[in-house]
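Residue strings, one per chain:
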Amino acid sequence: MQAEVFYAGEPVGTLSWTPDAYGVQVRLDCACPDSGDGLLRCYAGIGDRAMRIGLPEPQNGRLRLERRLTRETLRASGYADTPPARFYLAVQPEADVPEQDSARQAGESDERTIQQPEPVLQTGDEVLDALLSGGGVQAGRDGDALILQCAFAPDQPFALAPAFVLCTVENGRAMLRWTKKDAAAGAASAI
């Protein structure tokens, strides 16, 4: 499958999504948009769900990325059966990017407000932070706690499996509530 890649609502290049025996081979070729906010990453999305594809590398005035997404990665992100509908470049995944593109395609006015990227949430735990940076786990704040979430199906692997004893499952989502107390207990047990 060939698909357009968008940046700030405008097409900037193409991405090829080729399924194979191990998952999907992805090849990205885009123009280098001017992004003063930070490093651009490539994301795939269906509705409000975003999956990080990777960090494209500047080569000869273009952004290029070539990588394989394993079947396990696709399952954990919810893309095992359905390929993503949208591909875009952003500093952080933006749930409203597909909506902005749809509004633009429908001929509506495209008024964007510039938002500062949110800081990347970290737990302080080496394993959990690696899961967060892998893109299959989403994090949000609830007071002093971080809530880590990923898709969950009882018959499939899930991204928070290394911390499964700390997870609860609700409505097809595995959730882990992480507090500073949990981080301190983990550090004390490592001594």
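Anything mentioned here points back to the structure above.
Below you will find a few notes about this structure. What you are looking at is a predicted structure, and each value in this text was computed from that prediction instead of being measured.

Looking at the pairing of strand β12 (residues 173-178)
- The pairing of strand β10 (residues 145-151) with β12 spans six bridges and is classified as antiparallel. Bridge assignment links Ala151 to a residue of β12, and that residue is Arg173.
- Direction of pairing for strand β11 (residues 167-170) relative to β12: antiparallel, over a ladder of four bridges. Within β12, the position partnered with Thr168 by the bridge is Met175.
- The turn linking β11 back onto β12 is made up of two residues, and Asn171 within it adopts a positive phi angle of 50°.

Let's talk about a nonpolar patch on the surface
- A cluster of nonpolar side chains, contributed by Phe164, Val165 and Leu166, occupies part of the molecular surface with about 340 Å² of accessible area.
- With respect to the helices, strands and loops of the structure, Leu166 is situated in the loop between β10 and β11.

So, the packing of aromatic side chains
- Enumeration according to the criterion identifies three aromatic pairs in this entry.
- Judged by centre distance (5.7 Å) and plane angle (50°), the rings of Trp17 and Phe87 are tilted. On the criterion of sequence distance, the pair formed by Trp17 in strand β2 (residues 10-20) and Phe87 in strand β8 (residues 86-90) is long-range, its members being 70 residues apart. You'll find Trp17 and Phe87 in the same group, each marked buried.
- When the centroid spacing of 5.0 Å and the interplanar angle of 80° are considered together, the rings of Phe152 and Phe158 count as edge-to-face.
- By relative accessible area, Phe158 is classed as buried at 16%.

So, the environment of Pro11
- Within the secondary structure, Pro11 sits in strand β2.
- Each C-alpha atom of the pair Pro11 and Leu89 lies 9.9 Å from the other, and the pair is 78 residues apart in sequence.
- Those residues in contact with Pro11 that lie beyond four places of it in its chain are Glu4, Val5 and Phe6.

Section: the nonpolar core
- Trp17, Ile53 and Leu89 are the most contacted members of the largest nonpolar core, which totals 23 residues.
- Among the elements of the structure, β1 (2-7), β2, β3 (23-31), β4 (41-46), β5 (49-54), β7 (62-70) and β8 are those that each provide at least two residues to this core.
- Ranked by residue count, the leading element in this core is β3, at four residues.
- What Ile53 contacts, discounting residues up to four positions off in sequence, is Trp17, Val26, Cys42, Tyr43, Ala44, Leu65, Arg67, Leu69 and Phe87.
- Counting 16 residues, the second-largest nonpolar core is a separate cluster that includes Val137, Cys167, Ala174 and Trp178.

Brief notes about the sheet that holds strand β9 (residues 138-142)
- Taken together, the four strands give an open sheet; going across it, the order is β9-β10-β12-β11, and neighbouring strands pair in antiparallel fashion. Whereas interior strands pair on both sides, the edge strands pair on one side only; in this sheet they are β9 and β11. Averaged over all pairs of adjacent strands, the angle between strand axes in this sheet comes to 30°, irrespective of strand direction.

Thresholds applied
- Residues numbered from 1 in each chain as written.
- Predicted model: local features only at pLDDT ≥ 70, side-chain atom pairs only at ≥ 80, totals over all residues.
- Heavy atoms only, no water.
- Pairing = 2+ DSSP bridges.
- Helix = DSSP H or I, 4+ residues; strand = E, 2+ residues; numbered from the N terminus.
- Patch = residues over 30% accessible without salt bridge, like charges linked within 9 Å, V, L, I, M, F, W, Y side chains within 5 Å.
- Areas by Shrake-Rupley, 256 points an atom, 1.4 Å probe, with all protein chains shown as cover.
- Salt bridge = Lys/Arg side-chain N within 4 Å of Asp/Glu carboxyl O.
- Phe/Tyr/Trp six-rings, centres within 6.5 Å; stacked < 30°, edge-to-face > 60°.
- Buried < 20%, exposed > 50% of the residue type's maximum accessible area, 1.4 Å probe, protein only.
- Contact = heavy atoms within 4.5 Å.
- Core = buried A, V, L, I, M, F, W, Y, C linked by side-chain atoms within 4.5 Å.
- Axes fitted to C-alpha atoms, helices over the stretch in contact; angles between N-to-C directions.

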